[in-house]
Amino acid sequence: MQVYPMWLGYVILFGLSLILTFVASWAHRRFHIDTVDQLVAGGRSLPLGVASASICVSWIWTTTIMGSSEAGMWFGIGGGFNYGWGAAVPFLALIPIALIIRKRMPRATTFTEFIRQRYGAVVHKFFIIFASGVMIYVCMEQAVGAGYLFNTLFGIPFKVTAIVVPLVFTSYICLAGLRGSVFNDVFQFLALTLVMFVLIPLVLVALKPATMYQNLVDVVTNPNNPNHNPAALNFFNGAAWRYGIAAVVIALGQIILDQGYYQRAIGAVTRSTLKKAYLLGGLFAWLPIPFVMGCVFGLGALSLKLTPEVTTSISPYIASLAFNGGGLVFLLMVFMAAMTTGDTSMAGLQALFTVDVFKRSRPQATEKQQMRFGRLIVWPFGIAVAGIAMALEGVSLLYIDIVFGIIFAAPCAALLLGTLWKKPSETVAVISIVAGFVCGIVAWLLIPNKDINWFWGNVISLCLPLLLMVVLSPIFPSKFEFSQLKGYKGLIAINEEELVGEGEE
Amino acid sequence: MMSKTVFYIILGVALAWFYAGSIMVWRFVIPELYSLLIKRQDVDKKGILAKEKARRERRKK
């Protein structure tokens with residue numbers, strides 16, 4: 001289904017890529033990125049608005065825009081909201097973890113440094129592997145999503161977009177690190193919200209809310225309606241709330257194991273800014289986006305009696321009702337969502353490997369050597385992401401999400417409980433991670449019902465480690481005290497001015 | 001099944017929340033970008049900390 005000419009697709013793909021690279025190049029010149037701390041933590045001086053915009057837009061995935069509209073179509077009026085709260089809860093879980101790490105270890109740059117101090121080398125290695133896996137997966141999923149979209153709308157070969165997208169964000173993270181990521185996020189936040197400010201009222205005018213309601217009543221009451229759903233006008237529809245719970249489980253690992261989100265927390269100018277930025281960017285600005293997309297785009301598709309083969313394609317169609325070229329504007333939104341999410345995780349990989357792998361293994365490395373490593377290490381990851389994304393042509397995004405959800409839920413308990421409770425020991429953490437991972441995968445493979453096996457795989461992978469840690473920790477308690485973290489010296493050199501006020505009550 | 005009024009209220013809440021949330025972020029971003037890009041001023045961490053401290057003390061009183 002090619003909707004627009006191919007040349008237009010190439011103009012958009014390469015034009016936007018050039019703009020984003022230009023923004024990163026400007027950030028590089030303006031902020032003199034000449035230390036590792038500047039490269040990976042933005043000099044720890046991101047102000048409230050910039051941090052909020054970056055946090056909001058880096059959590060807008062391609063699935064936030066298209067998946068929440070789908071949820072509105074599947075579950076009716078409660079679909080978008082349930083998508084939203086389900087994915088927002090893990091964000092709320094990240095705030096205390098980030099605050100605690102920053103308060104107890106002001107010189108830390110990555111959350112895996114905290115894991116090393118808290119549990120020891122074995123659990124640290126587990127987390128390096130899981131965190132790298134999450135970030136590669138996030139980058140790869142954005143490349144796959146963009147590949148499908150450009151292929152559907154412009155007929156551009158999937159593999160071309162799957163290569164270009166990761167290589168573009170890799171190049172600007174190589175150049176400007178966290179600042180390149182954050183300022184591109186801000187630029188894209190402004191563009192994305194402006195587009196939505198205009199597009200949503202126009203779509204509503206085209207759909208007419210009164211007609212929408214009448215058509216939704218038909219969806220509820222008429223069994224011959226192709227989208228007949230008796231619960232479409234029930235906000236407290238049970239299926240929609242179960243979907244919300246599944247979203248919590250799937251999103252938890254994707255957020256709390258992604259160093260990219262900690263980068264913004266570490267980069268915020270003060271701890272109070274960190275807290276406000278996550279509440280403002282996550283709860284106030286991000287949560288209503290899936291809610292409004294589900295209500296307007298999802299219910300719009302239901303009311304128009306659309307019966308697409310793939311429900312993901314409803315959103316560009318509904319956008320095209322607003323005005324000529326509405327579908328094109330929608331594509332810009334999704335492309336920006338893909339780039340901002342991808343660059344967040346690539347910046348996270350850069351920080352994790354520069355600080356917690358390279359500097360830890362070579363304590364004598366000079367600032368220049370660390371900078372060179374930080375700039376080069378993103379390329380193997382960028383190329384690997386492009387290669388994996390190309391190989392996934394034809395694989396469903398939902399399938400990828402579910403499988404990886406099971407894998408990444410397993411270490412969440414060790415991180416969450418290890419931050420809040422001094423009792424869990426290294427042994428208990430390792431047992432819980434391995435048991436959760438193995439049992440989650442086994443449940444997914446052995447439960448024959450394909451409609452619920454993914455759900456139980458995810459739930460077991462998250463809840464079993466929690467249960468094991470709560471039961472085993474009092475039996476095999478750790479001798480760890482949180483006060484041990486106070487003297488942590490950090491791995492990289494940090495300007496003392498950046499640490500003013502840190503670690504205070 | 002909800003009435004037309006409740007449907008309008010939910011739609012209205014979703015829209016109002018979206019506009020309010022985004023505009024709140026804009027309200028902070030624009031002055032910061034102006035200061036960083038046009039005036040080329042760096043973020044004053046000590047100033048921000050002093051303001052936060054004063055606010056905390058005011059609250060204690």
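Residues numbered from 1 in each chain as written. Chains lettered and ligands numbered in written order. Predicted model: local features only at pLDDT ≥ 70, side-chain atom pairs only at ≥ 80, totals over all residues.

### So, the overall build of chain B
When helices and strands are tallied, chain B shows two helices and zero strands. Taken over the C-alpha trace, chain B has a radius of gyration of 20 Å; the compact-globule value for 61 residues is 10 Å, which it surpasses by more than 25%. Seen through its principal axes, chain B has C-alpha atoms that stretch 55 × 40 × 10 Å. Buried positions account for 18% of the 61 residues belonging to chain B. (Helix = DSSP H or I, 4+ residues; strand = E, 2+ residues; numbered from the N terminus. Rg over C-alpha atoms; globule rule 2.2 N^0.38 Å. Buried ≥ 20, exposed ≤ 12 C-beta atoms within 10 Å, placed from the backbone.)

### Some thoughts on the nonpolar core
The nonpolar side chains of a soluble globular protein tend to be buried, and buried together. Residues C56, I60, A143, A162, V292 and V334 of chain A are the most contacted members of the largest nonpolar core, which totals 184 residues. Per-domain counts for this core show at least three residues from each of domain 1 (6-395) and domain 2 (410-481) of chain A. Excluding anything up to four places from it in sequence, C56 of chain A contacts F189, G281, G282, A285 and W286 of chain A together with V25 of chain B. (Core = buried A, V, L, I, M, F, W, Y, C linked by C-beta atoms within 7 Å. Domains from an automatic or database assignment. Contact = placed C-beta atoms within 7 Å.)

### Remarks on the domain arrangement of chain A
Residues and elements named next belong to chain A. Once the domains are mapped, chain A shows domain 1 (6-395) and domain 2 (410-481). Between domain 1 and domain 2, the C-alpha centre-to-centre distance is 26 Å. With 18 residues of domain 1 at the contact, the number on the domain 2 side is 16 residues. Elements with a minimum of two residues in the side of domain 1 that touches domain 2: α5 (79-104), α7 (121-154) and α10 (238-256). The dominant element in the side of domain 1 that touches domain 2, judged by the number of residues it contributes, is α10, at six residues. Across the side of domain 1 that touches domain 2, the residue classes tally to 15 nonpolar, two polar and one charged. (Nonpolar A, V, L, I, M, F, W, Y, C, P; charged D, E, K, R; others polar.)

### A short note on the interface of chain A and chain B
Of the residues lining the interface, 31 residues belong to chain A; the matching set on chain B comes to 25 residues. Secondary-structure elements contributing two or more residues to the side of chain A that touches chain B are α3 (48-58), α8 (158-207), α9 (209-221), α12 (271-286) and α13 (288-303) of chain A.

### Focus on helix α2 (residues 45-60) of chain B
Between its first and last C-alpha atoms α2 of chain B spans 23 Å; for 16 residues at 1.5 Å apiece the expected length is 22 Å, and the two agree. The buried fraction of α2 of chain B is low, at one of 16 residues. (Expected span 1.5 Å × (residues − 1).)

### Some words on the packing of α13 of chain A against helix α1 (residues 4-38) of chain B
Two quantities define a packed helix pair, namely the angle between the helix axes and the distance between the axes. Between α13 of chain A and α1 of chain B, whose axes approach to 9 Å, the crossing angle comes to 140°. For the crossing formed where α13 of chain A meets α1 of chain B, the hand is left-handed. Residue-level inspection shows P288, I289, F291, V292 and C295 of chain A of α13 of chain A in contact with α1 of chain B, the latter providing I10, L11, A14, L15, W17, F18 and G21 of chain B. The residue makeup of the contact of α13 of chain A with α1 of chain B, split by class, is eleven nonpolar, one polar and no charged. (Axes fitted to C-alpha atoms, helices over the stretch in contact; angles between N-to-C directions. Left-handed = near helix turned anticlockwise from the far one by under 90°.)

### So, the confidence of the model for chain B
Across chain B, pLDDT averages 90, with 100% of residues at or above 70. Both scores are given for the predicted complex: the pTM is 0.90, the ipTM 0.91. (pLDDT = per-residue confidence, 0-100.)

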